[in-house]
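Chain by chain, the residues:
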Amino acid sequence: MSIVQVNELAKRFGDIEAVRGVSFDVEHGEVFGFLGPNGAGKTTTINMLCTLMKPTSGSATLNGHNVSTESGAVRSSIGLVFQDPSLDERLSCMDNMMFHAMMYNVPRAERLPRINEMLKMVELSDRKDDDVKTFSGGMKRRLEIARGLVHHPTILFLDEPTIGLDPQTRNHIWNYINKLRKEKAITIFLTTHYMDEAENCDRIAIIDHGKIIAIDTPSNLKSQVGGDVMQISTADNLAAAKQLKEALDIEAIPDDGGLRFEVREGDRFIPKMIATLDVAVDSVQMRRPTLDDVFLNLTGRAIREEEASALDQLRSHARPWQSRRGGH
């Protein structure tokens, strides 16, 4: 049986349908990713799975426990790293870890050994007595991951684990996540809108406007794009698009001041395209498909950072942990 089973899970806030009947399974030991733009329903789904929010309809089980009727058993099975910071910066690194261990009833004799093990894994042992307010953003993220693991959960939820971090720190965080997966053999469920992060997942569910529009491995999803991705810029893009359609049956769409389309064997196609077009070609770029291309093909637009939407504003409904700082 899958460690996470979700069936037609939905959440409404008045007239706003944040999650619209999603269904999926997550296997033991899998790194499963929720990929989608801000406001797509990723955080709302995690909040329901982690019992921080009641579903409007549908059902879900984690580690065999129903999220609606067995919230205590579900919470004991999971670790959770929130999108927003949740550490007490007035306390030391060790105090944050110890408080979490106590809240999760880690046996007294096991608390210090487990904490030391987790801090060593994320390379914070030498800073364990320092106040968290002195930590960088990446160090705080590493501490949150360590804290979420101290009670030995079977599933670790990471909600946008590297948001706001620089690329180098993001890579370091992923090194720790991959190390964790190998050493602890736990299931990891993460949300992200970073394409390169999604590449680390065994499988990805692409979510948009509260609905899952595709689930598969990164390689299988990219194989659906249809060949090499071509991006060209011409003296007259409108005329070039018309000629590509009429002469070569190529559907080219406007993209970043030029045209974008997919073809098989792009290197062989380029000479044929140049010979066909009556307009001057200023530039040609060819590359293999990415997950951004997959999302663009499925939705007609690219994932990008967006202004906070109405759904983002509703996140305040899902923050009961703020009143109990020792939460997941």
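A. Expanded view of the overall build of the protein. When its secondary structure is counted, the protein shows twelve helices and 14 strands. Long-range contacts, defined here as pairs at least 24 residues apart, represent 72% of the contacts in the protein between residues at least 6 apart. Separation between the mean location of the 40 positive side-chain charges and that of the 47 negative ones in the protein comes to 6 Å.

B. Inspection of the sheet that holds strand 4 (residues 57-62) at higher detail. Pairing in this open sheet of four strands is antiparallel, and the strands run 2-1-4-5 from one edge to the other. The outermost strands of the open sheet, each flanked by one partner alone, are strand 2 (16-26) and strand 5 (65-66). Pairing of strand 1 (residues 4-13) with strand 2, which is carried by eight bridges, proceeds in the antiparallel orientation. Considered in strand 2, the bridge of V4 is made with V26. Contacts from helix 1 (residues 42-49) reach strand 1, strand 2 and strand 4, with the element oriented near 115 degrees to strand 1.

C. Molecular detail of the pattern of salt bridges. Using the criterion set out here, one finds 19 salt bridges in the structure. Residue E89 is joined to K140 by a salt bridge in which the shortest nitrogen-to-oxygen separation is 2.8 Å. Here E89, found in the loop between strand 6 (78-81) and helix 3 (93-103), pairs with K140, found in helix 5 (residues 137-149); they are 51 residues apart in sequence, far enough to count as distant. Classification of E89 by relative accessible area gives partly exposed; the value is 31%. Residues R288 and D228 are paired through a salt bridge, measuring 2.5 Å at the closest nitrogen-oxygen approach. Of the two residues, R288 sits in the loop between strand 14 (281-287) and helix 11 (291-299) while D228 sits in strand 11 (residues 228-234), which places them 60 residues apart along the sequence.

D. Focus on the sheet that holds strand 8 (residues 187-192). The strand order 6-7-8-3-9-10 describes an open sheet built from six strands, whose pairing is mixed. Unpaired on one side and paired on the other, strand 6 and strand 10 (211-216) mark the two borders of the sheet. Taken pair by pair, the neighbouring strands of this sheet meet at an average axis angle of 15 degrees, ignoring direction. Where strand 3 (residues 31-35) lies against strand 8, five bridges are found, and the strand directions are parallel. The residue of strand 8 that forms the bridge with V31 is I188.

E. Structural view of helix 1. In terms of burial, helix 1 is largely enclosed, as eight of its eight residues are buried. Looking at helix 1, one finds that the buried residues are K42, T43, T44, T45, I46, N47, M48 and L49.

Rules used in this analysis
- Residues numbered from 1 in each chain as written.
- Predicted model: local features only at pLDDT ≥ 70, side-chain atom pairs only at ≥ 80, totals over all residues.
- Heavy atoms only, no water.
- Helix = DSSP H or I, 4+ residues; strand = E, 2+ residues; numbered from the N terminus.
- Contact = heavy atoms within 4.5 Å.
- Lys, Arg positive; Asp, Glu negative; His and termini not counted.
- Charge placed at Lys NZ, Arg CZ, Asp CG, Glu CD.
- Pairing = 2+ DSSP bridges.
- Axes fitted to C-alpha atoms, helices over the stretch in contact; angles between N-to-C directions.
- Salt bridge = Lys/Arg side-chain N within 4 Å of Asp/Glu carboxyl O.
- Buried < 20%, exposed > 50% of the residue type's maximum accessible area, 1.4 Å probe, protein only.

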